[in-house]
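Structure at a glance
Listed below, chain by chain, are the residues.
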Amino acid sequence: MTKYPPINYSDYLQLDKVLNAQDLRSEEYNKKAHDEHLFIIIHQTYELWFKQILFEVDSVLELFGHDHFDESHMGIVISRLNRIIEIERVLVDQINILETMTPLDFLDFRDFLVPASGFQSLQFRLLENKLGLIPEKRLTYTESYYSEALREDEKKHVHEAEKAPSLFERVEAWLARTPFLKSPDFDFWGVYKDAVIKMFQDEEELIRNNSSLTEKDIENNIEQLAKSREIFDGLLDKDKYQELQDKGQFRLSYDALHGALFILLYRDEPALQQAFSFITCLQNIDELLTQWRYRHSLMALRMLGSKVGTGGSSGHKYLRAATEKHKVFHDFFNLTTYLLPRSALPQLPENFKRELNFAFTHKK
Ligand code: HEM
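This structure is a prediction, so every number in the text was calculated from the model and none was measured. Starting afresh in each chain, residues are numbered from 1 along the sequence in its written order. At least 70 in pLDDT is required for a residue's local features to be given in this predicted model, at least 80 for side-chain atom pairs to be given and counted, and no such filter applies to totals for whole chains, interfaces and linings, which use all residues. Hydrogens and water are ignored here; the side-chain numbers use all heavy atoms of the structure.

In this section: the site of the ligand. Note on terminology: near, applied to a residue and a molecule or strand, indicates that one of the residue's heavy atoms is within 4 Å of it. Around the ligand, 30 residues are found, and the nearest of them are S117, H296, G311, S313 and Y318. As used in this structure description, the phrase polar contact means that two N or O atoms lie within 3.5 Å; if the pair is within protein, one of them must be able to donate a hydrogen and the other to accept it, and residues adjacent in sequence are counted only when both atoms belong to side chains. Note that an oxygen atom of the ligand is positioned 3.3 Å from one of the backbone N or O atoms of G312. For the ligand, an oxygen atom lies 2.6 Å from a polar atom in the side chain of Y318. To qualify as a helix, a DSSP run of H or I must reach at least 4 residues; to qualify as a strand, a run of E must reach at least 2; elements of each kind are numbered from the N terminus. For the shell around the ligand, the secondary structure elements donating two or more residues are α4 (36–64), α7 (122–131), α14 (270–304) and α15 (316–325). If you tally residues by element for the shell around the ligand, the top one is α14, at seven residues. Think of it as three bins: nonpolar holds Ala, Val, Leu, Ile, Met, Phe, Trp, Tyr, Cys and Pro, charged holds Asp, Glu, Lys and Arg, and polar takes everything else, Gly as well. Partitioned by chemical class, the residues of the shell around the ligand number 18 nonpolar, ten polar and two charged.

Encoded structure:
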């Protein structure tokens, strides 16, 4: 017995609403297509999971929504992001269920849907915007803006989400505030640059002193090394980094980039382990969304061949391109290029290490 009035299972879950929301259009027009039931159920399931993901993203944004993020919230942020990751795995797997429907079965009812399309999923657009997809970077397949496809009452919500700070922007600001980057004992960017220069000097020496290589081999290897060095120059020189940003190769601000690289390189330090897990979560979220986009584009190819989508796009072609173009946290993947092997990583000064671990250790 509790002090609250009892409630029935169906009433609590409002199953009368949920389980009575599968009206087959093919049945309405007296051409009942068996697989339309699955088609509706699977879309509704996706939308429910999108709702849960948005619920978690909103809560994370709220926790980050202050100029100074309270690091004691990091544990809860990571656990919510991990929940999103697990849901995304289910979203990718669910495509297998829909693919038990053959293209011919789909054709039995496809005409009843036109021009409805997942392209009109409000929640999917909100998710993209809240994660940080830049509106101007969106692929377009008609002359009109993506939100034009939405209902009038829905447009306002996506536009609001476009203007509100996204997770990407919150993370960027947080990274730019990374402590420990410069102190009287340690200048991260300085030591990183020195380590890169030394790494290339050592590699060049190894090539030149390798007696098993011919003159031609040495020349080729040195050429390759120069190319790798050029890639690092793009990062070490602020103006060159700006060029990479202009080309869309990087999005993070220069300060945020330093913070991210520091965390990735020194992630073994206790004070940085949570920050590293957090960045890994963002990578996983992006990767799984990309996987979903890719599986969905293949499913569209399987179902439609080169037909246009019900929403009027080039179908598979548009979806494939969006898979590549609509990533949000790609910087964290690109940063891997600039990691140094642990052996080449500059040691942190002892007192600085102690400072980094301060929160976790007792001072003697
Ligand atoms: C037979 C199964 C499906 C086919 C053939 C299909 C096909 C397509 C096509 C061709 C588009 C591009 C827009 C258009 O021209 O319509 C699209 C967009 C989309 N579909 Fe599907 N779809 C299917 C199932 C699903 C399911 C189960 C979901 C789950 C919610 C979904 C969600 C979406 C979303 C979110 C978009 C927008 C993607 C973007 O703009 O990046 N689709 N779909």
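With that settled, consider the coordination of the iron atom of the ligand. Counted as donors are the N, O and S atoms within 2.8 Å of the metal, or 3.2 Å for Na, K and Ca, while water is not among the atoms, so some sites may look incomplete. Donor atoms from the protein around the iron atom of the ligand number only one, H296 (NE2), found at 2.2 Å. With respect to the element layout, H296 can be found in helix α14.

Axes are the key here: two packed helices are described by the angle between their axes and the distance separating the axes. Where helix α10 (residues 188–208) meets helix α13 (residues 254–265), the closest approach of the two axes is 11 Å, and the angle between their N-to-C directions is 70 degrees. Comparing the axis directions of α10 and α13 gives the class roughly perpendicular. Of the two elements, α10 crosses α13, and the hand of that crossing is left-handed. Between α10, through F188, W189 and Y192, and α13, the contact on the second element is made entirely by Y254, H258, L261, F262 and L265. Considered class by class, the residues forming the contact of α10 with α13 number seven nonpolar, one polar and no charged. Between the N-to-C directions of two axes lies an angle of 0 to 180 degrees, each axis being a line fitted to C-alpha atoms and, for a helix, fitted only over the stretch in contact. Should an angle fall under 35 degrees it is taken as roughly parallel, and over 145 as roughly antiparallel, whereas 65 to 115 is taken as roughly perpendicular and any remaining angle as oblique. By convention, the crossing between two helices is left-handed when the near helix turns anticlockwise from the far helix through less than a right angle, and right-handed when the turn is clockwise. Here, residues are in contact when the closest pair of their heavy atoms is within 4.5 Å.

With that settled, the discussion passes to the side chain of S297. If you trace the backbone, S297 turns up in helix α14. A relative accessible area of 0% means that S297 is categorised as buried. When residues no more than four places from it in sequence are discounted, the contact partners of S297 are H316, L319 and R320. Here's how the labels work: a residue is buried when its accessible area is under 20% of the maximum for its type, exposed when over 50%, partly exposed in between, all with a 1.4 Å probe on protein chains only.

This paragraph deals with the environment of P184. Within the secondary structure layout, P184 lies in the loop between β1 (182–183) and β2 (186–187). Separated by 168 residues in sequence, P184 and F352 place their C-alpha atoms 9.6 Å apart.

Definitions used for this entry: grid spacing 1 Å over protein atoms alone; cavity, a set of points where a 1.4 Å probe fits but cannot get out; pocket, an open set with protein on both sides within 12 Å along at least 5 of 7 lines; lining residue, one with an atom within 4 Å of a point. Grid points are joined across faces, edges and corners, and a volume is the space filled by probe spheres set on the points. Scanning the model with the defined rule gives two cavities of 30 Å³ or more in all. Taken as a whole, the largest cavity spans an internal volume of roughly 90 Å³. F50, I53, I84, E88, L91, F124, L127, L131, I285, L288, L289 and W292 are the residues that line the largest cavity. Those elements that provide at least two residues to the lining of the largest cavity are α4, α5 (74–98), α7 and α14. Take the lining of the largest cavity: its biggest share by element is four residues, from α14.

Another aspect to go through is a negative patch on the surface. Together, D237, D239, E243 and D246 make up a negatively charged patch on the protein surface. Along the chain, the position of D237 falls in the loop between α11 (215–236) and α12 (238–246). For D237, a relative accessible area of 32% puts it in the partly exposed group. Any residue with relative accessible area above 30% and no salt bridge may belong to a patch, with like charges joined within 9 Å and the nonpolar Val, Leu, Ile, Met, Phe, Trp and Tyr side chains within 5 Å. Using the Shrake-Rupley algorithm and a 1.4 Å probe, accessible areas are obtained, with residue cover drawn only from the displayed protein chains. We count a salt bridge whenever a side-chain nitrogen from Lys or Arg sits within 4 Å of a carboxyl oxygen from Asp or Glu. Charge convention: Lys and Arg are scored as positive, Asp and Glu as negative, and His as well as the terminal groups of each chain are ignored. Note on charges: their place is set at NZ of Lys, CZ of Arg, CG of Asp or CD of Glu.

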